[in-house]
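One letter stands for each residue in the lines below.
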Amino acid sequence: MDGLDAGPGFDELFGVPPVVFAEAPGRINLLGEHTDYNGGLALPSPLGLWTRVELRPMPGGQVRAFSTLAGGPVEGALDEPRRRGDWLDYVLGAALVLRKAGHRVGGFAVRIASEVPPGSGLSSSASLLVALLRALRTAYGLPLSDLELAERAQQAEVEFVGAPVGLMDHLVISLGRPGEALLLDLGARRFEAVPLPPGGEMAVLDSGLRHHHADGASYAARRAECERAAALLGVPCLGVLGEGDLPRLSALPPELARRARHVITEDERVLAAVRALRAGHWSALGALLVQGHVSLRDDFAVSLPEIDLLVEMACAEADVLGARLCGGGFGGAVVVATKAGQARQVAEQVVGRYRQSTGRPGAVLWPPGG
Ligand code: ADP
Ligand code: MG
């Protein structure tokens, strides 16, 4: 992957050396999509692609930021913050939520280098925020647990950037460990490590179609539909419902019933996926991925024809156990479960065919090439 060494260094940008270095990974989500803001279950895992942050506190309340992916340096003021509608909002937001929580955070210069592609469903936004918050925690010696840090990262994204995202990405990026998935119960705020067993591997394929949660009317619309469904059913959130409640959905308008059915069945798939991983049954996990995709496509309506095609092409490969859309949808990436040792090769084959048939710039995002 390129990206981490691209562009000017910190000293060159700001005329002084950095004093703090921090990093955070991207993530994939094995299963449990659009469940986090419904108080449901999810099963994400950190990915070995990184956002790296070098930072130096500066006198005054100015923030100066450079990103290898977004350019700069650009400047913003912590004392008179206003939403700009661009990537600097994430940087200002990270500092502002800390201030709001009573921490003393001043101006700073920051250089961000990232290999997590934005808008691909690998959660570049949470990766960026967790890396920034880790750097600020060290730079200002803040008493902030990893759990609180995840909560602040989500708060920055919701309150300052204006993207109504759930807590899943921030939790797994702040608390997860490589080689493990994290079973998250977003309703109970409980989490549990689930080691990835031998016998299988994950690949991530980029569809070449981008989404932006910060201006994602569609993501917000799905969230609002879930809230309406929960209100009509008289429950605080859809995550409290189980399979036994499926018959109740017939009381809802058909579209809302489909949204609610996705959330309920997705929770069951997450639990089944945990059982499959614990038993080392990668093929069972693969089958659950396919069921998850069908639910995202038909019930939650967040897929696109190109994404469906990419999933189909992946599943046609002998060494593929299953595949599905990963992330919020309306573009982004597809996660694929393959037999052990096959992920890179299969991913390249599938992406090659996808490019040929759609003309889209598909790419293999994971695993990294030789
Ligand atoms: P995702 O989190 O799935 O990648 P989002 O739409 O939630 O997609 O977040 C992408 C946005 O996050 C980008 O448009 C940009 O504003 C910001 N972002 C992410 N990574 C970086 C980075 N390395 N440098 C600057 N901005 C970034
Ligand atoms: Mg995001």
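You'll find the structure just up there.
Note that the structure is predicted; figures quoted are calculated from it, not measured.

> Describe in detail unusual backbone geometry, supporting the description with residues and values.
Of note, the amide linkage connecting Gly72 to Pro73 takes the cis form, showing an omega dihedral of 5 degrees. Counting through the fold element by element, Pro73 comes out in strand E4 (residues 71–77). Residue Pro367 is reached from Trp366 by a cis peptide bond, and omega for that bond is -5 degrees. Looking at where Pro367 falls in the secondary structure, it is placed in the segment after strand E11 (363–366).

> I'd like a description of the side chain of Ser295, backed by residues and values.
Relative to the helices and strands, Ser295 is located in helix H8 (residues 282–299). Excluding anything up to four places from it in sequence, Ser295 contacts His262, Thr265, Arg269 and Phe300.

> Before we move on, could you go through the packing of helix H9 (residues 305–315) against helix H10 (residues 343–358) and cite the residues and values that matter?
Close contact between H9 and H10 brings their axes to 10 Å; oriented N to C, the two are set at 140 degrees. Taken as axis vectors, H9 and H10 run oblique relative to one another. Handedness of the H9/H10 crossing: right-handed. From H9, Glu306, Leu309, Leu310, Met313 and Ala314 reach across to H10, where they touch Val350, Arg353, Tyr354, Ser357 and Thr358. For the contact of H9 with H10, the class distribution of residues is six nonpolar, two polar and two charged.

> Please give an account of the packing of H8 against H9 that cites residues and values.
Where H8 meets H9, the closest approach of the two axes is 12 Å, and the angle between their N-to-C directions is 165 degrees. Comparing the axis directions of H8 and H9 gives the class roughly antiparallel. Between H8 and H9 lies a crossing whose hand is left-handed. In this structure, H8 uses Val290, His293 and Arg297 to contact H9, whose residues at the interface are Ile307, Asp308, Val311 and Cys315. Looking at side-chain class alone, the contact of H8 with H9 contains four nonpolar, one polar and two charged residues.

> How would you sum up the packing of aromatic side chains? Please name residues and give values.
What the rule picks out here adds up to two aromatic pairs. Their ring planes at 65 degrees and their centres at 5.7 Å tell us that Tyr37 and Tyr219 sit as a pair that is edge-to-face. Of this pair, Tyr37 sits in the loop between strand E1 (20–31) and strand E2 (41–57) while Tyr219 sits in helix H6 (residues 217–233), placing them 182 residues apart in sequence. Judged by its relative accessible area of 7%, Tyr219 falls in the buried class.

> Could you give an account of the sheet that holds strand E10 (residues 333–339), naming the residues involved and the relevant values?
Reading across the sheet, the four strands line up as E9-E10-E8-E11 and stay open at both edges, with antiparallel pairing between neighbours. Two strands bound the open sheet, and with one partner strand each, they are strand E9 (320–326) and E11. Within the sheet, the average angular offset between the axes of one strand and its neighbour, ignoring direction, is 30 degrees. Strand direction decides the pairing type here: strand E8 (residues 200–206) and E10, joined by seven bridges, are antiparallel.

> Explain the layout of surface pockets to me, and be specific about the residues and the numbers.
Approximately 300 Å³ is the volume attributed to the second largest pocket. If you trace the second largest pocket, you find 19 residues lining it, with Ser45, Pro46, Leu47, Gly179 and Leu196 closest to the centre. When contributions to the lining of the second largest pocket are tallied by element, the ones reaching two or more residues are E1, E2 and E8. Element by element, the count of residues in the lining of the second largest pocket is highest for E2, at five residues. The class makeup of the residues in the lining of the second largest pocket is 12 nonpolar, five polar and two charged.

Reading guide: rules and limits
Residues numbered from 1 in each chain as written. Chains lettered and ligands numbered in written order. Predicted model: local features only at pLDDT ≥ 70, side-chain atom pairs only at ≥ 80, totals over all residues. Heavy atoms only, no water. Helix = DSSP H or I, 4+ residues; strand = E, 2+ residues; numbered from the N terminus. Contact = heavy atoms within 4.5 Å. Axes fitted to C-alpha atoms, helices over the stretch in contact; angles between N-to-C directions. Parallel < 35°, antiparallel > 145°, perpendicular 65-115°, else oblique. Left-handed = near helix turned anticlockwise from the far one by under 90°. Nonpolar A, V, L, I, M, F, W, Y, C, P; charged D, E, K, R; others polar. Phe/Tyr/Trp six-rings, centres within 6.5 Å; stacked < 30°, edge-to-face > 60°. Buried < 20%, exposed > 50% of the residue type's maximum accessible area, 1.4 Å probe, protein only. Pairing = 2+ DSSP bridges. 1 Å grid on protein atoms, 1.4 Å probe; cavity = no way out; pocket = protein on both sides within 12 Å on 5 of 7 lines; lining within 4 Å. Points joined across faces, edges and corners; volume = space filled by probe spheres on them.

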